[in-house]
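Descriptive analysis of the structure
Below are the chains, spelled out letter by letter.
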Amino acid sequence: MAGRGRPRRFDREAALRTAMRLFWEHGYEGTSLAMLTAAMGITPTSLYAAFGAKDDLFREAVELYNSPQSSPTDRAMGRPTAREAVEAMLRGNADAYVDPETPAGCMVVLSGVNLAEGNEHIRAYLAECRRRDHAKVRGRIVRGTEEGDLPPGADADTLASYALTVLHGLSIQARDGADRERVHAVVDAAMAGWDRLARQARPDAASPAS
């Protein structure tokens, strides 16, 4: 009788991507341990051994989702001007949000909505992820003012908040069924608003010498 073959090696990266998709589609609280182990093809004991608790697995899944290699936001920040960077961020993420091959919308925006008492730490973690995105965009805008492609008095905080508010709204639109044409029409309108905001100096910006 032929001997049994060696057990199949556990593919941790594939399992993590499976977990990421579940959290992305169903949210933190909507994804149960039973759903995770069934989809990943492992036992609860193996899940804990490989990833730690559910919180640890969720954080690692979010970090994978937000990795520079896959993040449209990170890729967009390298564009030559701040305006091009913001527009590329909005359009790149909009395309990702409506991609039929993945769950609709943004994992960081949608996976922690209306969390129950006891999961405040997950809400705080996701809020910190969004603050990091705001800081990236704000930093790119500040660089734009330094390099001269934005007016020196442009309000970086307001412009970054505006861009991120549009971005998060696109995620909700995508989850509600908006198609690519719709989300890009929103970006068109948003960039017209961006141009008007960019021309408005901060209230505390120094006036040019007379």
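Residues numbered from 1 in each chain as written. Predicted model: local features only at pLDDT ≥ 70, side-chain atom pairs only at ≥ 80, totals over all residues. Heavy atoms only, no water.

Here the focus is the overall build of the chain. Scanning the chain from terminus to terminus reveals 10 helices and zero strands. Each helix (α) and strand (β) of the chain, taken in turn from the N terminus, gives the series α-α-α-α-α-α-α-α-α-α. Projected onto its principal axes, the C-alpha positions of the chain cover 95 × 35 × 30 Å. Partitioning the intrachain contacts of the chain with sequence separation of at least 6 by distance along the chain shows that 69% fall at a separation of at least 24. Total accessible area computed for the chain in this model is approximately 11700 Å², and 52% of it derives from carbon and sulfur atoms. Charge-centre separation for the chain: the mean point of 27 positive side chains lies 4 Å from the mean point of 29 negative side chains. (Helix = DSSP H or I, 4+ residues; strand = E, 2+ residues; numbered from the N terminus. Contact = heavy atoms within 4.5 Å. Areas by Shrake-Rupley, 256 points an atom, 1.4 Å probe, with all protein chains shown as cover. Lys, Arg positive; Asp, Glu negative; His and termini not counted. Charge placed at Lys NZ, Arg CZ, Asp CG, Glu CD.)

A few words on the UniProt feature "DNA-binding region" (unreviewed entry) in the chain. When the UniProt feature table is mapped onto this chain numbering, "DNA-binding region" (unreviewed entry) sits at residues 32-51. Here residues 32-51 runs as 80% helix and 0% strand, with 15 Å between its end C-alpha atoms. (UniProt positions renumbered as here; feature names shortened; annotations may be inferred.)

Grouped together as the largest cluster of nonpolar side chains are 59 residues, with contacts concentrated most on F23, M40, L57, F58, L90, M107 and V137. At nine residues, helix α9 (residues 156-175) tops the list of elements feeding residues into this core. With sequence-adjacent residues up to four places away left out, L57 is seen in contact with L16, A19, F23, L36, M40, L47 and F51. (Core = buried A, V, L, I, M, F, W, Y, C linked by side-chain atoms within 4.5 Å. Buried < 20%, exposed > 50% of the residue type's maximum accessible area, 1.4 Å probe, protein only.)

Looking now at the layout of surface pockets. Size it by volume and the largest pocket reaches roughly 360 Å³. Around the largest pocket sit 25 residues that line it, and Y65, S70, S71, P72 and N93 are the ones nearest its centre. Mapped onto the lining of the largest pocket, the elements with two or more residues apiece are α1 (12-26), α4 (54-65), α5 (72-76), α6 (82-97), α7 (107-110), α8 (120-147) and α9. Considering only residue class, the lining of the largest pocket consists of 11 nonpolar, eight polar and six charged. (1 Å grid on protein atoms, 1.4 Å probe; cavity = no way out; pocket = protein on both sides within 12 Å on 5 of 7 lines; lining within 4 Å. Points joined across faces, edges and corners; volume = space filled by probe spheres on them. Nonpolar A, V, L, I, M, F, W, Y, C, P; charged D, E, K, R; others polar.)

To continue, consider the packing of aromatic side chains. The description of two aromatic rings rests on the distance between their centres and on the angle between their planes. On inspection of all chains with the given rule, the structure shows five aromatic pairs. Both rings, one in W24 and one in Y65, keep their centres 4.9 Å apart while their planes meet at 75 degrees; by these two values the pair is edge-to-face. You can see W24 sitting in helix α1 and its partner Y65 sitting in helix α4, a full 41 residues away along the chain. Arranged with centres 5.1 Å apart and planes meeting at 70 degrees, the rings of Y28 and F58 form a pair that is edge-to-face. Here Y28, found in the loop between α1 and α2 (33-40), pairs with F58, found in helix α4; they are 30 residues apart in sequence, far enough to count as distant. The burial state of Y28 is the same as that of F58; both residues are buried. (Phe/Tyr/Trp six-rings, centres within 6.5 Å; stacked < 30°, edge-to-face > 60°.)

This paragraph deals with unusual backbone geometry. Non-glycine residue N114 carries a positive phi angle of around 55 degrees. You can see N114 is positioned in the loop between α7 and α8.

Further remarks concern the environment of V109. Residue position: V109 is located in helix α7. You can call V109 buried: its relative accessible area is 14%. For the pair V109 and G169, spaced 60 residues apart in the sequence, the C-alpha separation amounts to 9.3 Å. Contact partners of V109, with chain neighbours within four places excluded, come to R130, H168 and S171.

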